[in-house]
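Understanding the architecture of this molecule
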Amino acid sequence: YDQACNEYDNPSAQNTFDNHEDQCLQSEQEITPQELAELLGVAPDANTSEHECCCSMRPEPNSTSQNLTPSVICLMKRSVSQHFPKPPADLNQNLQQHLSDVQETVHNELLRLGPLLKSVGLMGCLIDCYHRQTFDHLNNLLQNISSFQNSFVLVKWVLHGYLSQELLGHPELQEMDPIKNVDLLLFTKCAENAKNKLLENVQKEVRGCLEKILQLERSQDGCDCEEAYVQLYVDIIQCIAAMPKEAQKISSKLSDLIREVCYQELLMFLRRYAAEVTEILGKRAKKGKPEMMHFFKTLKTCKELKHYIKTEGKDIERSLLQETVATLINIEAFTLKLLIEVITDIAESHLGNYFRSKNKHFFILIHRVKKHFPKLLCCQDVQKRVMDEVYKLITQIYLKHLLQTSQYRLRKWWSPNVGQTVAEDAKLLHYTMSDLAPGVQQWNLMLLNISELLECESTDTVKLIVVEMQKECLVWR
């Protein structure tokens, strides 16, 4: 038989083989274990006598292993196991090829033996044995798969390869129709195991990826280029978006499950990030001249991650989504609070001296602000938000010192026309803020009104101006 198999392409040998099989499968449709072993190309069971294991079977298209003798089932299983491809030594490198080998073997063996075993009622048993061998083999493979990519390859093969026209649904197997004999419980269990292994590897790889991103962030001392501002959130988004996108190719439900795992890991990452960035920015804020770039980068990262999460995470569990967004909002609020504290100290120091000085040095504060907040093309949206707060804060502090300072002293130190000086300062402030953040809200209106108030001699007009100033104060609260 082995020689006949090796010479299968030889017409003479093939005729000899066919004649032999015809003799075995003729007349009473009986086949002994020895004959079955020879047909299957395996060694017969030495512990079982020919009389005990003689199978007399009529053609039964729907026969299964439940109504067959143990020796027949043993021979069938032995044949399937013997012909089934063994896992490669380096499974992670050769999984795709191995699954292709499995697919080819199952197809060829069913095509070779199916017609021969059909006449003795064993075709159903053959198909069932290959189903079980395949599912057992896949479950064993799962134990040795350690990467998302290979887990994904196996899940894809189970869901889209096994029942496809390349394997069980192949046109050449249409007559025996092996798909109808698939044990759906076995298939479902195998698919479930593959899915769980995939999710396990997703969690492991995403967690490791995010940890590497955090380590890289720790090593970044400066933000000397545009890439440094965007690298963190770009890396994070790429990390949590890649796997759900890949899974979408085979199952939208699987993609949703993977996205859920990615968002769970993202939340854990953001908690660690929040703790670290809080400590780092807190220390930087205490320095005499803190570098604002790190604050801007944090705000930019939070803004972009919030936008991504709200846009792409609509199907994520609501509580998980809310907690993730809340974590980002807290980081933003803390960062902005530190920025305001830094600017408050700077503005209080400079404006305090300014209103107690005989020389008009308002431009010194403007120079300090411009030095702290250079134009950043890569995060203009964040800069506009920050400069809006800075603009409003400086205006409030300027107004406070102006009202607390004696007008007589200001006329003596500055000029008789204090209102004009205030107006010039207000215009310079707005010009600077608009240059740093185009489109920023104009917060200097109160200072312009103050100049008018200082020059006004009409009581009624003063009341009207004060009313307008009070209305604008409400906007600041």
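As the structure is a prediction and not an experimental result, all values here were calculated from the model. (Residues numbered from 1 in each chain as written. Predicted model: local features only at pLDDT ≥ 70, side-chain atom pairs only at ≥ 80, totals over all residues. Heavy atoms only, no water.)

To continue, consider the overall build of the protein chain. Of the regular secondary structure elements, the protein chain holds 19 helices and 2 strands. Expressed as a percentage of contacts within the protein chain between residues at least 6 apart in sequence, the contacts between residues at least 24 apart total 74%. A total accessible area of about 24,600 Å² is found for the protein chain, and carbon and sulfur atoms account for 50% of it. (Helix = DSSP H or I, 4+ residues; strand = E, 2+ residues; numbered from the N terminus. Contact = heavy atoms within 4.5 Å. Areas by Shrake-Rupley, 256 points an atom, 1.4 Å probe, with all protein chains shown as cover.)

Counting 141 residues, the largest nonpolar core has M76, L117, I258, F373 and Y398 as the members making the most contacts within it. The element best represented in this core is helix α13 (residues 318-355), accounting for 15 residues. Those residues within four positions of M76 in sequence are excluded, and the remaining contacts are L36, L40, L117, L122, C125, L126 and C129. (Core = buried A, V, L, I, M, F, W, Y, C linked by side-chain atoms within 4.5 Å. Buried < 20%, exposed > 50% of the residue type's maximum accessible area, 1.4 Å probe, protein only.)

Attention shifts here to helix α11 (residues 252-285). Turn by turn, an α-helix covers 3.6 residues, leaving residues three or four places apart pointing in a common direction. The terminal C-alpha atoms of α11, which comprises 34 residues, lie 46 Å apart, in line with the 50 Å expected from a rise of 1.5 Å per residue. Looking at where α11 begins, the residue whose side-chain oxygen comes 3.4 Å from the main-chain nitrogen of K253 is S251. (Expected span 1.5 Å × (residues − 1). Polar contact = N/O pair within 3.5 Å; in protein donor to acceptor, adjacent residues only side chain to side chain.)

This part takes up the confidence of the model for the protein chain. Residues with a pLDDT of 70 or more make up 82% of the protein chain, whose mean pLDDT is 82. Within the model, the stretch residues 1-28 combines pLDDT values under 50 with 23 contacts to residues more than four positions away or in other chains. Low confidence marks residues 48-67, where pLDDT is under 50. Its contacts with residues over four positions away, or in another chain, come to 37 contacts. (pLDDT = per-residue confidence, 0-100.)

Within the structure shown, the criterion is met by 22 salt bridges. Between R271 and E323 there is a salt bridge, and its shortest N-O distance comes to 2.3 Å. Of this pair, R271 sits in helix α11 while E323 sits in helix α13; the two residues are 52 residues apart in sequence, bridging distant segments of the chain. Here K283 and E279 are joined by a salt bridge, their closest N and O atoms 3.3 Å apart. Of the two residues, K283 and E279 both sit in helix α11, 4 residues apart, roughly one turn of that helix. Here the salt bridges share partners, and the residues they tie into one network are E211, R218, R272 and E276. (Salt bridge = Lys/Arg side-chain N within 4 Å of Asp/Glu carboxyl O.)

Under the 1.5 Å per step criterion, the end-to-end length of helix α6 (residues 91-118) is only 35 Å for 28 residues, more than 12% shorter than the ideal 40 Å. At Q97, α6 shows its maximal bend, which comes to roughly 35°. (Bend = angle between axes of the 7 residues up to and from the residue.)

Viewed as axis vectors pointing N to C, helix α12 (residues 292-312) and helix α15 (residues 380-404) meet at an angle of 115°, and their least axial separation amounts to 9 Å. As the angle between them shows, α12 and α15 are arranged roughly perpendicular. Here α12 and α15 pass one another in a crossing that is right-handed. Contact residues: F296, L299, K300, K303 and E304 in α12; D381, V382, Q383 and V386 in α15. (Axes fitted to C-alpha atoms, helices over the stretch in contact; angles between N-to-C directions. Parallel < 35°, antiparallel > 145°, perpendicular 65-115°, else oblique. Left-handed = near helix turned anticlockwise from the far one by under 90°.)

Turning our attention to the environment of K392. Structurally, K392 can be placed in helix α15. Judged by its relative accessible area of 13%, K392 falls in the buried class. Taking the C-alpha atoms as reference points, K392 and Q441, 49 residues apart in sequence, are found 8.9 Å from one another.

Tracing the backbone shows H401 in helix α15. Owing to a relative accessible area of 12%, H401 belongs among the buried residues under this scheme. Apart from the residues within four sequence positions on either side, H401 is in contact with E348, L351, G352 and F355.

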